[in-house]
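Residues per chain are reported as follows:
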Amino acid sequence: MQTVLCMKWGTRYGVDFVNRLWSMVQRNTQRPTRMICYTDDPKGVATGVLTRPLPPINIPQRVSFLGWRKLSLFQYPLDDIEGEALFLDLDLVVTGPIDEFFDYAPGHYVAIDNWSQPGGGVGNTSVFRYRAGEHKHVFDDFNSDPEAILGKWRISQQYMSGVIPGMKFWPTPWCLSFKHTLLPRWPLNYFVDAKLPPDARVVAFTGKPDPDDALVGRWPELNFRQRLYKHVQPTPWIGEHWR
């Protein structure tokens, strides 16, 4: 049984993001697969998704809404999770088969070569895989003294990349960034929509726009200056996959 994990806390992403993710996972796996959603509000989550409370973690309030909360998944034991577990962010679109994510570089922690720091040794955690019980120091060290970790590492992705030995990166065509790799550069983004490469398996929507925004050609929360260069055309392929 393959295990896919996701997390939902706060109000930025509604329950529909969880349910769409589960639907996409089901369409793009051929093996028995379960999805566990760790959340502070399980109301409305699809019947087929296992919901569990957010794992306990000693996290300062000022960063409790950021990606640092993902570190809680590295505690062991954690419920009945054993073997390889694949984490998927809610703000992504699954566009191709994902079973091979469980097979690639067996035994290693695998993440995305961060699009904004290519070659810099930083793993983006929109999609990552780890083996339960390994690298539990990632959680233990943070949980015992979070301020020491926060004082040394600016973001959780840098911390994880810096303390997990043997990190591997997914093949580049598998995981793409809508904003960093698919969206045409200014001024073409005003006239050309983002194209989906045939080998893409996951498209991440870091920051804004989210999938529902890009689908209809909307880029919210922009000031006057940003409106001059931040623009997205309606993107039909999102609707084909994000459902």
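Refer to the structure printed above.
Below is a short write-up of the structure. This is a predicted model, so every value here is computed, not measured.

Reading the values: rules and limits
Residues numbered from 1 in each chain as written. Predicted model: local features only at pLDDT ≥ 70, side-chain atom pairs only at ≥ 80, totals over all residues. Heavy atoms only, no water. Helix = DSSP H or I, 4+ residues; strand = E, 2+ residues; numbered from the N terminus. Rg over C-alpha atoms; globule rule 2.2 N^0.38 Å. Buried < 20%, exposed > 50% of the residue type's maximum accessible area, 1.4 Å probe, protein only. Areas by Shrake-Rupley, 256 points an atom, 1.4 Å probe, with all protein chains shown as cover. Lys, Arg positive; Asp, Glu negative; His and termini not counted. Charge placed at Lys NZ, Arg CZ, Asp CG, Glu CD. Pairing = 2+ DSSP bridges. Axes fitted to C-alpha atoms, helices over the stretch in contact; angles between N-to-C directions. Core = buried A, V, L, I, M, F, W, Y, C linked by side-chain atoms within 4.5 Å. Contact = heavy atoms within 4.5 Å. Parallel < 35°, antiparallel > 145°, perpendicular 65-115°, else oblique. Left-handed = near helix turned anticlockwise from the far one by under 90°. Nonpolar A, V, L, I, M, F, W, Y, C, P; charged D, E, K, R; others polar. Salt bridge = Lys/Arg side-chain N within 4 Å of Asp/Glu carboxyl O.

Looking now at the overall build of the chain. A count of helices and strands for the chain gives eight helices and 10 strands. Relative to the compact-globule value of 18 Å for 243 residues, the chain shows a C-alpha radius of gyration of 18 Å, a close match. Taking the principal axes of its C-alpha atoms as reference, the chain extends roughly 50 × 40 × 35 Å. In the chain, which comprises 243 residues, the share counted as buried stands at 50%. When the accessible surface of the chain is summed, it comes to about 11400 Å², and 54% of that surface belongs to carbon and sulfur atoms. One way to put it: in the chain the 27 positive side-chain charges average out to a point 5 Å from where the 25 negative ones average out.

With that settled, consider the sheet that holds strand β10 (residues 202-204). Taking strand neighbours across the sheet as the criterion, the three strands line up as β5-β10-β9 in an open arrangement whose pairing is mixed. Edge strands, defined here as strands with exactly one partner in the open sheet, are β5 (92-94) and β9 (175-177). Each strand axis lies, on average, 20° off the axis of its neighbour in the sheet, ignoring direction. Summarising the sheet, β5 and β10 pair through three bridges and their orientation is antiparallel. Within the sheet, the bridge partner assigned to Val94 lies in β10 and is Val202.

In this section: the nonpolar core. By size, the foremost hydrophobic cluster in this structure holds 47 residues, and its most contacted members are Leu21, Met35, Phe101, Val127, Trp170 and Phe178. Per-element accounting of this core gives the leading share, six residues, to helix α1 (residues 15-27). Setting aside chain neighbours within four positions, we find Leu21 in contact with Cys6, Met35, Leu88, Asp89, Leu90, Leu92 and Val94.

Our next topic: the packing of helix α2 (residues 137-144) against helix α4 (residues 156-163). Between α2 and α4, the shortest axis-to-axis distance is 10 Å and the interhelical angle comes to 125°. As summarised for this structure, α2 and α4 are arranged oblique, according to the angle between their axes. Judged by the twist between their axes, the crossing of α2 over α4 is right-handed. Taking contact as the criterion, the partners of His137, Val138, Asp141 and Phe142 in α2 are, on α4, Tyr159, Met160 and Val163. Tallied by class, the residues present in the contact of α2 with α4 amount to five nonpolar, one polar and one charged.

A separate point is the environment of Ala85. You can see Ala85 is positioned in strand β4 (residues 84-88). Put simply, Ala85 and Tyr130 are 45 residues apart on the chain and 5.7 Å apart in space, counted from C-alpha to C-alpha. Look past the residues within four positions of Ala85 in its chain and what remains in contact with it is Thr3, Leu5, Phe128, Arg129 and Tyr130.

Before going further, it helps to examine the sheet that holds strand β3 (residues 50-53). Reading across from one edge, β3-β2-β1-β4-β7-β6-β8 is the order of the seven strands in this open sheet, with mixed pairing throughout. Either end of the sheet is taken by a strand with one partner, and the two such strands are β3 and β8 (168-169). In the sheet, strand β2 (residues 33-39) pairs with β3 via four bridges, with the strands oriented parallel. When the bridges of β3 are listed, Cys37 appears paired with Thr51. Its contacts with the sheet put α1 on β1 (2-8), β2 and β4, and the angle it makes with β2 is roughly 165°.

Under the definition given, this model contains 15 salt bridges. Residue Asp80 pairs with Arg52 through a salt bridge whose shortest N-O separation is 3.5 Å. Here Asp80 is found in the loop between β3 and β4, whereas its partner Arg52 is found in strand β3, with 28 residues between them in sequence. For Asp80, a relative accessible area of 43% gives the class partly exposed. Residue Arg52 is classed as buried on the basis of its relative accessible area of 19%.

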